[in-house]
There are 2 protein chains.
Amino acid sequence: MRLSILAGFSTIIISAAALAGADGHASDKMLKSAVEARQAHMDLFAFNLSTLGAMAKGEVDYDAAAASVAAGNLAALASMDQSTYWLPGSDSDSVEGSRALPVIWTADSKIGERGAAFAEAVSAMETAAGTDLASLQAAMGDLGKSCGGCHDDYRKPRD
Amino acid sequence: MRLSILAGFSTIIISAAALAGADGHASDKMLKSAVEARQAHMDLFAFNLSTLGAMAKGEVDYDAAAASVAAGNLAALASMDQSTYWLPGSDSDSVEGSRALPVIWTADSKIGERGAAFAEAVSAMETAAGTDLASLQAAMGDLGKSCGGCHDDYRKPRD
């Protein structure tokens, strides 16, 4: 699973590189649809993370089976090829509703390695979630940090 | 992959059965969040299906790599455990914005087998998409029909 997760995230860079010179190639409709798909993908990450977060914080009882389901869903989402979402020209300056900062698509963007760190943290959670509460809590710290790896530097704050 | 896809969809039935007597157990917030997650999941199916559909109809040139990416993403989505989305009490009569008809959660609901048929069609598309255009087109017919398997009988028409 780990390899396939990393493959999924590496496509963010491939997409940026492959399409970097193709400004205006994607139609407005394609760009809007890419932003919506990206946000749907993030919603599903958040939905499954909230299950794990509630257990980690003791808001709900630890349930090994439910934790494994949520972690497995995160892994499936992380394994998906997102290259079709992260189109150049779909940044927060270009598409209404997008919070993806333009710096994502610049040459020295660290988005690929931040994505890889997230994928590693998801992979660790996949093992930890069904083990016990302490393991889940430990994995949750790294996973939360890895979310911040992109959100802190590459996501526009809400107005 | 096929087994894991079927496992993902069978959880719809398990969820309905396991929680059938638990009316009111899920909070309004949980139900709303379940509906939103379901819709995000459907948006991602639609996004990837639209890539395959455009090729099948000849609106864009056939591209084996792009078709395989889209089909692989459908398979990843179909493999996810959706039991946490399909909560009893999240039907179109109970939650604003939900189009999931209450009949989904009745004893003689065919939603499980319709979901399994969809999963089979996704699995066939995963093989066909990267082969050639004719194979993709053939698989698209079955896949479209299997979408209808749930949407025709279990989804409320738009107002």
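Refer to the structure presented above.
Residues numbered from 1 in each chain as written. Chains lettered and ligands numbered in written order. Predicted model: local features only at pLDDT ≥ 70, side-chain atom pairs only at ≥ 80, totals over all residues. Heavy atoms only, no water.

**Some points on helix 5 (residues 133–154) of chain A**
Residues and elements named next belong to chain A.
Link 1 in the chain: The end-to-end C-alpha separation of helix 5 is 31 Å, in line with the 32 Å expected for 22 residues at 1.5 Å each.
Link 2 in the chain: A maximum bend of about 30 degrees is found in helix 5 at Gly148.
Link 3 in the chain: Of all the positions in helix 5, only Leu136, Ala139, Met140, Leu143, Ser146, Cys147, Gly148, Gly149, Cys150 and Tyr154 are classed as buried.
Link 4 in the chain: Turning to helix 5, the residues buried within the fold contact helix 2 (28–56), helix 3 (64–79) and helix 4 (111–128). (Helix = DSSP H or I, 4+ residues; strand = E, 2+ residues; numbered from the N terminus. Expected span 1.5 Å × (residues − 1). Bend = angle between axes of the 7 residues up to and from the residue. Buried < 20%, exposed > 50% of the residue type's maximum accessible area, 1.4 Å probe, protein only. Contact = heavy atoms within 4.5 Å.)

**Things to note about the relation of the copies chain A and chain B**
Link 1 in the chain: Turning chain A through 180 degrees and shifting it by 0.0 Å along the axis lays it on chain B, with an RMSD of 0.0 Å. Overall, the copies show the geometry of a two-fold rotation axis. Among all residues of chain A, the one whose C-alpha sits closest to the rotation axis is Ala40 of chain A, at a distance of 2.3 Å.
Link 2 in the chain: Comparing interface residues between copies, 100% of those in chain A also sit at the interface in chain B, which points to an isologous, same-surface contact. (Least-squares fit on C-alpha atoms with pLDDT ≥ 70 in both.)

**A word on the environment of Phe47 of chain A**
Link 1 in the chain: Relative to the helices and strands, Phe47 of chain A is located in helix 2.
Link 2 in the chain: With a relative accessible area of 11%, Phe47 of chain A lands in the buried category.
Link 3 in the chain: Beyond its immediate stretch of four places on either side in the chain, Phe47 of chain A contacts Ser33, Ala34, Ala37, Thr84 and Tyr85 of chain B.

**Brief notes about the pattern of salt bridges**
Link 1 in the chain: Applying the stated criterion across every chain, the model contains eight salt bridges over all chains.
Link 2 in the chain: For Arg114 of chain A, the salt bridge is made with Asp153 of chain A, and the minimal N-O distance between the two is 2.8 Å. With Arg114 of chain A in helix 4 and Asp153 of chain A in helix 5, this pair connects stretches of sequence that are 39 residues apart.
Link 3 in the chain: With its nearest N and O atoms 2.8 Å apart, the salt bridge here joins Lys32 of chain B to Glu36 of chain B. Separated by four residues within a single helix, Lys32 of chain B and Glu36 of chain B lie in helix 2 (residues 28–56), roughly one turn from each other. (Salt bridge = Lys/Arg side-chain N within 4 Å of Asp/Glu carboxyl O.)

**Focus: the interface of chain A and chain B**
Often the size quoted for an interface is simply the accessible area lost on bringing the parts together.
Link 1 in the chain: Counting residues at the interface gives 18 residues for chain A and 18 residues for chain B.
Link 2 in the chain: Roughly 1500 Å² of surface becomes buried between chain A and chain B when both sides are summed, with 72% attributable to carbon and sulfur atoms.
Link 3 in the chain: When residues of chain A are sorted by the area they lose upon contact with chain B, Leu44, Phe47 and Met80 of chain A head the list and together hold 38% of the total.
Link 4 in the chain: There are two residue pairs in polar contact (both at pLDDT 80 or more) connecting chain A and chain B.
Link 5 in the chain: Only helix 2 and helix 3 of chain A provide two or more residues apiece to the side of chain A that touches chain B.
Link 6 in the chain: It is helix 2 of chain A that contributes the most residues to the side of chain A that touches chain B, nine residues altogether.
Link 7 in the chain: Counted by class, the side of chain A that touches chain B contains 10 nonpolar, six polar and two charged residues. (Buried area = accessible area lost by both parts, 1.4 Å probe. Polar contact = N/O pair within 3.5 Å; in protein donor to acceptor, adjacent residues only side chain to side chain. Nonpolar A, V, L, I, M, F, W, Y, C, P; charged D, E, K, R; others polar.)

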